[in-house]
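Breakdown of the fold
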Amino acid sequence: MSPTSGAPSQLTQGSGTKGGIGESTLRPDGILKVTGEFAYASDMWHEDMLWGQILRSTVAHAEIVSIDTGEALATPGVYAVMTYDDLPTEVRTYGLEIQDTPVLAHGKVRHHGEPVAIVAADHPETARRAAAKIRVEYRELPVVTDEESATGPGAVLVHEGRDDHHSGHVPHPNIVHRQPIVRGDVTEARKRADVVVRGEYRFGMQDQAFLGPESGLAVPEEDGGVHLYIATQWLHSDLRQIAPVLGLPEDKVRMTLSGVGGAFGGREDLSMQIHACLLALRTGKPVKIVYNRFESFFGHVHRHPARLVYEHGATKDGKLTHLTCRIVLDGGAYASASPAVVGNASSLAVGPYVVDDVDIEAVALYTNNPPCGAMRGFGAVQACFAYEAQMDKLADRLGMDPVRLRQLNAMEQGAVMPTGQIVDSPAPVAELLRRVAAMPMPPERQWESSEGVDVRQLPGGLSNTTHGEGVVRGVGYAVGIKNVGFSEGFDDYSTARVRMEVVAGEAVATVHTAMAEVGQGGVTVHAQIARTELGVTRVTINPADTQVGSAGSTSASRQTYVTGGAVKNSCELVRERVLEIGRRRFGSYHPAWADAELLLEGGKVVTDGGEVLCDLVDLLADDVVEVEAEWRHRPTQPFDLRTGQGDGHVQYSFAAHRAVVEVDTELGLVKVVELACAQDVGKALNPLSVIGQIQGGTTQGLGIAVMEEIIVDPRTAKVRNPSFTDYLIPTILDTPTIPVDVLELADDHAPYGLRGIGEAPTLSSTPAVLAAIRAATGLELNRAPVRPEHLTGTA
Amino acid sequence: MDFLRPASWEEALAAKAEHPTAVPIAGGTDVMVEINFDHCRPEYLLDLTRIGDLYEWEVGDESVRLGASVPYTRIMERLRGELPGLALASHTVASPQIRNRGGVGGNLGTASPAGDAHPALLAAGAEVEAESVRGTRRIPIDDFYTGVKRNALAPDELIRAVHVTKADGPQQYAKVGTRNAMVIAVCAFGLALHPRTRSVRTGVGSAAPTPVRARTAEEFLAAALDEGGFWENGKVITPSVVKQFADLCAGACNPIDDVRGTASYRRHAVGVLARRTLTWTWESYRGSRRLSEGAA
Amino acid sequence: MRVNFTVNGRPQEADDVWEGESLLYVLRERLGLPGSKNACEQGECGSCTVRLDGVPVCSCLVAAGQAEGRDVVTVEGLADHARRRACGTAPGTSLDAARAWQPRGTGQDADAELAPVQQAFIDAGAVQCGFCTPGLLVAADELLEHRPNPTDADIREALSGNLCRCTGYEKIMDAVRLAAARQGEGA
């Protein structure tokens, strides 16, 4: 086999003596990325490779009467056409938690865009033309699109004969999972309330819209196995789902992480992985699949749209008395991460507030809408939008300042969650609010100068819709709480292999994990940790693959905590062995070798008093010290299925936002002027990356506030805007300055005291923007995104 | 698929005559998306980017003869004085990259109701220079749009240029999108004051099956300005007149509900844009009057 | 069909090109230049931005046949392009320069010569997943070529055709400001 071009190379960094944790070291993949040489999954190339193409359903819910592949197979240049009947084993479904997703549709399609057949051909156009020649006859079925049609009388079942581990406890087969959380006595508490506010809120279906489309290259190997170069969030989870379908043992499916062009949850589920492998094994040739943007909208799950009904009560001085809520998440046709999203939405439904008496219920539905699963914020986003709208409503009713009301009810370390879990690390909710509120306000009318009006700074931007007419400013606040790591008893571990040796006269560390670098900067942080722990300057980060143990998913804000923790742990084990070697070799020369506290710094072994004992180069000589070890955070517990009680979460993460917006109140167009954020990060391992994460997360929250929504036709369950022409994400002209105030209050349970940071800023950004728009317009606004129609009474 | 690369206009006309189904391609903004997403597979692609003449413009006494492929960037930068409405419209087209390559010919050829140039052309007054091996004709812009994504071109015709009437008064253009850049119009509005003829012209985009003029509104406003002696006295237009003009513009819409916006919103927004653009152009007219009077 | 054009100063030829292929596809899949990215292929994201006869365009919207005889600069040639600009060399590649051209290695070369805007993107933290980066670099470099001291609003307008999903654009603003400042210092 000729070499595969685009296979990831090692990243080596470090020529200075610094670069440990806490510094803003630069990305080791930065040069490759700015020169265009970084190999993303869609850049992979192999001699003689074929192109894979997927034929997808054109209807949302239908029986497949027949599939005729004859003409497609006869097309010159076509090497294979496969349908369900061609699958090699009896394992023909997959799924993150519930294996309900067919590799290729079997007898039925359950959502618009479901894979029905796959083609391999010598050119993408040949493959497309062949796919178009596959004739599929559908007999359409009624569509399940909302709670009414899912659980009402005579509802059509999306999945008949369910036997998954949630099917026993759900009230209806079209409910994937239900989680109540009950604490205290709401009926009694309601009597103490002087004020009660209720609201029904709707949250749209958001797309991750990562820029690098789903892609990969499957290369058949001589031993009958396959090597998949893939952009994913979790190699080992993919492997666990792929291998059984192929009928191969896991060691014959080699997986290497290719460059990942963003993820945000959208790569937690499989997309084209199995299809590429099937075609490669069938044809004996490497097969590349690259989705285009249209297909990408069908190729991954989205953020659950939600309907949320809340009731908050408070005494007249603003203390929350009770809270009830019901959160209905639309999981779409397949389960994906829906059960875990339900767990998050319910357990975080109160927000970062203390309320003793709560009655909460969250459910996820099976419908014929597009499948929904993981996206940054994961269930906590929808809840935060609703409870923060409620807090503003309550403040308004009480005549209180909305920041003060929040601070009055803010949780602190030691608070008890509605699940009964005690928050045992800092929870500076009131302080974060104080900080965002204290930031200087952006000047008024920035769009006006002596030279006239700059429309680029006004609502409507370049479209020249206002020169100041109708423009009203509004300010809004929000704060949120997000869990970090996988919850509810999941064995959430990571693995790191760390090696230390002398290369070219210098002690060098090599870090090998299966962590998916999706842009977050994990590779930067791993090198920093190795420098801090091992006192080296040169650190090589090996490509992520399945030749090392699982790192878990790059999601749930967990990688710096968990794989960072694993790297730290393995480094510590390496250090112990290195020091053992040192004691063996040099112990007799200096009494300090007997001390417990020896450090590796600047390429040397030093005492905690700073005395140099020896150079690592001399110590190691020809020895290679290598450790691969798993590392786990504190275990969590499942939530009780009736009461929701349980220590379900690992760690909590908090962020607060202040949004300043200018609304063209006549046209309903919004310009976000500034979106300030304060977040507690525990310990910023790389401050530059931390700020980048916060600004990026904030902007995704802005997107769902004012523009982003996958629109599904309620009559047909078909997606109406699967393109970047009609699914809009913020441009640089929509995105304001985002000043960030980073607080570092250590969590003693976490490595270096760090706190997972990626998701919290996506939570509070959306409700802050909505609050600001409400302030500018005086409208109630119970849905996100808010569209011009909603601001102008023309919906 | 065949790729035809005529080196001259004559060759292009001959190719189009021989292959009337050939799809002309210049900036590629519409055609390439259709091909990339497998929405169409034309038998022939007729590349017009080798024909230098299409990238040139000529400023005449009455009008600008604008080559079909003159990029929007050029129009924004170089024709702001002669064609202010079209220059403003050009600035709202997609992204800088697309403005660097796309031209008015593409907008006219596709004839989408959402094309950004149409309202500006309707308001300014223009003629499309269409040519085939049979000869040349000039199609008044008012007769050019014949249906949703349909125009008055014959199958063997190509757009060579558009003759846009030079501004004799202030012009404005505004477009509503749900994003502050790079957005397809939810609706758009172009307005041109023509002090020389004491007339007003409008163009409405994305609010009817084709780009349209709000003729009743134009006639109403022209009459009201005349009656009130506004052209001469340069006074602020009576608010009730502005309002009625805006209402009539909204009334000229025949929009649909789609993923980009509701019909009701489109009608409402066109009214707001009509009011605002009238205010801006009229203020500008009054300003220029004061200047010329001051100079006199 | 066959297409001949110049990429980053070197004549290139692509054979058996399907007439519906885009310039982007030819660069990525036929010429081994995958730096220009395929994020949307509908002119909505700017990740495929290249200079076509000096002008930034979306290469996904250029039919391969339209590139015939043209001059293309991609992110892979940006450093070279910036260096020639800094040396005041006329546009185009001299015969000597073309002969001296060498492909850059794929290793992490600490001394890799970067265009100022490339270095600024790294230094400012403007790169996360990096998929939007090549297109942004080509667009930003062209902005600074024509407008050495852009205002923030100018930067935003010039980059409004380039979507980024990771950074929230703040660090990208920082990077362009940094590149402009360094350019101003003659660094």
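Because the structure is a prediction, the values reported are computed rather than measured. (Residues numbered from 1 in each chain as written. Chains lettered and ligands numbered in written order. Predicted model: local features only at pLDDT ≥ 70, side-chain atom pairs only at ≥ 80, totals over all residues. Heavy atoms only, no water.)

1. Comments concerning the pairing of strand β26 (residues 538–541) of chain A
The side chains of a regular strand alternate, residue by residue, between the two faces of the sheet. Residue and element names in this part refer to chain A. In this structure, strand β25 (residues 506–512) lies alongside β26, joined through four bridges in parallel fashion. Directly across from Thr-510, in β26, lies its bridge partner Thr-540. Regarding the hand of the β-α-β motif, the stretch spanning β25, helix α13 (residues 522–534) and β26 is right-handed. (Pairing = 2+ DSSP bridges. Helix = DSSP H or I, 4+ residues; strand = E, 2+ residues; numbered from the N terminus. Right-handed = clockwise from strand over helix to strand, strands pointing away.)

2. Notes on the UniProt feature "domain: Aldehyde oxidase/xanthine dehydrogenase a/b hammerhead" (unreviewed entry) in chain A
UniProt annotation of "domain: Aldehyde oxidase/xanthine dehydrogenase a/b hammerhead" (unreviewed entry) refers to residues 35–142 of chain A when read in the numbering used here. Annotation note: span residues 35–142 of chain A, helix share 14%, strand share 35%, distance between end C-alpha atoms 51 Å. (UniProt positions renumbered as here; feature names shortened; annotations may be inferred.)

3. Examining the packing of helix α10 (residues 380–398) of chain A against helix α11 (residues 402–409) of chain A
All names here are of chain A. For the pair α10 and α11, interaxial distance at closest approach is 9 Å and the crossing angle is 110 degrees. As judged from the angle between their axes, α10 and α11 are roughly perpendicular. As for how α10 packs across α11, the hand of that crossing is right-handed. Judged by residue contacts, Glu-388, Met-391, Asp-392, Leu-394, Ala-395 and Leu-398 of α10 engage Pro-402, Leu-405, Arg-406 and Asn-409 from α11. Across the contact of α10 with α11, the residue classes tally to six nonpolar, one polar and three charged. (Axes fitted to C-alpha atoms, helices over the stretch in contact; angles between N-to-C directions. Parallel < 35°, antiparallel > 145°, perpendicular 65-115°, else oblique. Left-handed = near helix turned anticlockwise from the far one by under 90°. Contact = heavy atoms within 4.5 Å. Nonpolar A, V, L, I, M, F, W, Y, C, P; charged D, E, K, R; others polar.)

4. Examining the environment of Pro-788 of chain A
Note on placement: Pro-788 of chain A falls in helix α18 (residues 788–792). The class of Pro-788 of chain A is buried, set by a relative accessible area of 3%. Pro-788 of chain A sits 155 residues away from His-633 of chain A along the chain, and the two C-alpha atoms are 46 Å apart. The residues contacting Pro-788 of chain A, other than those within four sequence positions of it, are Leu-667, Gly-668 and Leu-669 of chain A together with Thr-178 and Tyr-265 of chain B. (Buried < 20%, exposed > 50% of the residue type's maximum accessible area, 1.4 Å probe, protein only.)

5. A few points about the packing of aromatic side chains
Enumeration over the complete set of coordinates arrives at 21 aromatic pairs over all chains. For the pair Trp-282 of chain B and Tyr-285 of chain B, a centre-to-centre distance of 4.8 Å together with 40 degrees between the ring planes defines the contact as tilted. With Trp-282 of chain B and Tyr-285 of chain B both in helix α11 (residues 263–295) and three residues apart, this pair spans about one turn of that helix. Across this residue pair, the class does not change: Trp-282 of chain B and Tyr-285 of chain B are buried. Just above the ring of Tyr-291 of chain A sits the side chain of Arg-56 of chain A; from NZ or CZ to the centre is 5.1 Å. When the ring centre of Tyr-84 of chain A is taken as reference, the NZ or CZ atom of Arg-92 of chain A above it lies at 4.8 Å. (Phe/Tyr/Trp six-rings, centres within 6.5 Å; stacked < 30°, edge-to-face > 60°. Lys NZ or Arg CZ within 6 Å of the ring centre and 35° of its normal.)

6. What to know about unusual backbone geometry
All names here are of chain A. Residue Pro-785 is reached from Ala-784 by a cis peptide bond, and omega for that bond is 0 degrees. Of note, Leu-781 is a non-glycine position whose phi angle comes to about 55 degrees, a positive value. For Leu-781, the position within the fold is in the loop between α17 (760–777) and β34 (783–784).

7. Digging into the sheet that holds strand β10 (residues 158–165) of chain B
All names here are of chain B. Across the sheet, five strands lie side by side as β4-β5-β10-β6-β7; this open sheet has antiparallel pairing. Looking at the sheet topology across the chains shown, the edges are occupied by β4 (57–59) and β7 (135–140). The sheet shows a mean angle of 20 degrees between the axes of neighbouring strands, direction not considered. Docked against the sheet, helix α7 (residues 117–124) engages β6 (126–132) and β10, running at close to 50 degrees with respect to β10.

8. As for the pattern of salt bridges
Residue and element names in this part refer to chain A. In total, this model carries 100 salt bridges over all chains according to the counting rule given. Measuring nitrogen to oxygen at the nearest pair gives 2.9 Å for the salt bridge that ties Arg-326 to Glu-361. With Arg-326 in strand β18 (residues 320–330) and Glu-361 in strand β19 (residues 357–365), the pair connects residues that are 35 residues apart, well separated along the chain. On the basis of relative accessible area, Glu-361 is assigned to the buried category, the value being 16%. With its nearest N and O atoms 2.7 Å apart, the salt bridge here joins Arg-497 to Glu-628. Taken together, the residues span a long stretch of sequence, with Arg-497 in strand β24 (residues 493–503) and Glu-628 in strand β30 (residues 625–632) at a distance of 131 residues. Overall, Glu-628 belongs to the partly exposed group, its relative accessible area being 40%. Among the charged side chains, a network of salt bridges with common partners joins Glu-147, Arg-178, Glu-200, Arg-202, Arg-307, Arg-326 and Glu-361. (Salt bridge = Lys/Arg side-chain N within 4 Å of Asp/Glu carboxyl O.)

9. Describing the sheet that holds strand β28 (residues 604–607) of chain A
Residue and element names in this part refer to chain A. Overall, antiparallel pairing links the three strands, which are arranged β27-β28-β29 in an open sheet. With partners counted over all chains shown, the strands left at the sheet margins are β27 (598–601) and β29 (612–615), one partner each. Shown here is a sheet whose adjacent strand axes are inclined to one another by a mean of 25 degrees, direction ignored. Direction of pairing for β27 relative to β28: antiparallel, over a ladder of four bridges. Note that in β28 the partner of Leu-599 across the bridge is Val-606. On top of the sheet, helix α14 (residues 559–586) reaches β27, β28 and β29; it is set at about 105 degrees to β27, its chief contact.

10. Topic: the interface of chain A and chain C
Where the parts come together, the accessible area they lose is often given as the size of the interface. The interface is formed by 69 residues belonging to chain A together with 57 residues belonging to chain C. Interface area for chain A against chain C, summed over the two sides, is near 5000 Å², with a carbon-plus-sulfur share of 57%. Considering only the surface of chain A that becomes buried against chain C, Val-34, Leu-211 and Ile-732 of chain A emerge as the three largest contributors, covering 16% of it. Linking chain A with chain C are six salt bridges, by the criterion used here. Between Arg-456 of chain A and Asp-154 of chain C there is a salt bridge, with the nearest N and O atoms lying 3.2 Å from each other. Inspection of the chain A/chain C interface yields 28 residue pairs in polar contact (both at pLDDT 80 or more). Counting residues per element, the ones that place at least two in the side of chain A that touches chain C are α1 (30–35), α3 (124–133), β15 (287–290) and α16 (687–706) of chain A. (Buried area = accessible area lost by both parts, 1.4 Å probe. Polar contact = N/O pair within 3.5 Å; in protein donor to acceptor, adjacent residues only side chain to side chain.)

11. A look at the interface of chain B and chain A
Counting residues at the interface gives 35 residues for chain B, matched by 42 residues for chain A. The contact between chain B and chain A buries some 3200 Å² in all, and 52% of this surface belongs to carbon and sulfur atoms. It is Arg-179, Asn-180 and Val-259 of chain B that lose the most area in chain B upon contact with chain A, and together they represent 25% of the buried surface on that side. Our count for the chain B to chain A interface comes out at six salt bridges. For the salt bridge of Glu-666 of chain A with Arg-276 of chain B, the shortest nitrogen-to-oxygen distance reads 2.7 Å. Breaking the side of chain B that touches chain A down by element, the ones donating at least two residues are α4 (84–91), β11 (171–176) and α11 of chain B. The dominant element in the side of chain B that touches chain A, judged by the number of residues it contributes, is α11 of chain B, at nine residues. A per-class count over the side of chain B that touches chain A returns 15 nonpolar, eleven polar and nine charged.

12. Some words on the domain arrangement of chain A
All names here are of chain A. Segmenting chain A into domains produces domain 1 (43–141 + 213–260 + 267–299) and domain 2 (493–632). On a C-alpha basis, the centroid separation for the pair domain 1 and domain 2 is 40 Å. Between domain 1 and domain 2, the contact holds 13 residues from the first and 17 residues from the second. Carbon and sulfur atoms make up 55% of the surface buried where domain 1 meets domain 2, a total of about 1200 Å² over both sides. Contact with domain 2 buries area across many residues of domain 1, yet Gln-233, Trp-234 and His-236 alone supply 43% of it, more than any other trio. Joining domain 1 to domain 2, the criterion identifies zero salt bridges. Along the contact surface separating domain 1 from domain 2 lie six residue pairs in polar contact (both at pLDDT 80 or more). Looking at the side of domain 1 that touches domain 2, the elements with two or more residues in it are α6 (235–246) and β14 (253–257). Residue contributions to the side of domain 1 that touches domain 2 peak at five residues, all from β14. Grouping the amino acids of the side of domain 1 that touches domain 2 by side-chain chemistry returns seven nonpolar, four polar and two charged. (Domains from an automatic or database assignment.)

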